[in-house]
Amino acid sequence: VVLRTNTAGTKIYGIYDDGVVYYPWPWRVNGVDMEIGPWDCDEGGAMTPEECCSKIQQDVSYPDDNGNYIACFVEEPVGGPHNPERDDRAIVVTDGKGTVVRAPVAH
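Residues numbered from 1 in each chain as written. Predicted model: local features only at pLDDT ≥ 70, side-chain atom pairs only at ≥ 80, totals over all residues. Heavy atoms only, no water.

Undergrad: Looking at this structure, how should I read the pattern of salt bridges?
TA: Side chains bearing opposite charge may pair, as long as their charged atoms lie close to each other. Applying the stated criterion across every chain, the model contains three salt bridges. Where D17 meets R4, a salt bridge forms, and the shortest distance between an N and an O atom there is 3.0 Å. Of this pair, D17 sits in the loop between β1 (2–4) and β2 (20–21) while R4 sits in strand β1, and the two are 13 residues apart along the sequence. Among the salt bridges present, the one from R28 reaches D33, with a minimum N-O distance of 2.8 Å. Residue R28 is classed as partly exposed on the basis of its relative accessible area of 40%. (Salt bridge = Lys/Arg side-chain N within 4 Å of Asp/Glu carboxyl O. Helix = DSSP H or I, 4+ residues; strand = E, 2+ residues; numbered from the N terminus. Buried < 20%, exposed > 50% of the residue type's maximum accessible area, 1.4 Å probe, protein only.)

Structure (structure tokens):
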């Protein structure tokens, strides 16, 4: 699951800047597709990536049918210390149908 943070990478902002983290795919257990999430990682103030990931992993503590446990990937916005601006890439955000949902960011 992707944990989108503030630019500094210290707090979870979520894709809508509301602290909510979504997992957009079904989680298949015993041949049945399940919806997991969303998770509010802004309860009592924005959580750190570690706090949010722990919350998610406690909620989904069982593997999928492939034996995979939920894992967290921290994504800082462009310009953060671990995601600096670069001239050789552009970011285009699309929905599940491939439709662009945000203006492309060249950096």
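Let's pick the thread back up.
Undergrad: What is the right way to look at the packing of aromatic side chains in this model?
TA: Ring pairs (aromatic) are described by centroid distance and by the angle formed between their planes. Summed over the entire model, instances satisfying the criterion amount to three aromatic pairs. With 5.6 Å between their ring centres and 75° between their planes, Y23 and W25 make a pair best called edge-to-face. Among the residues examined, W25 registers a relative accessible area of 55% and is labelled exposed. In textbook terms, an aromatic cluster arises when at least three aromatic residues are bridged by ring pairs, as seen for Y23, W25 and W27. (Phe/Tyr/Trp six-rings, centres within 6.5 Å; stacked < 30°, edge-to-face > 60°.)

Undergrad: Would you take a moment to explain the nonpolar core for this structure?
TA: It is characteristic of soluble globular proteins that their nonpolar side chains tend to be buried jointly. Core analysis: the biggest nonpolar cluster contains 15 residues, and L3, V21, W39, C52 and I56 have the highest contact counts within it. Elements supplying a minimum of two residues to this core: β3 (27–29) and α1 (49–59). (Core = buried A, V, L, I, M, F, W, Y, C linked by side-chain atoms within 4.5 Å.)

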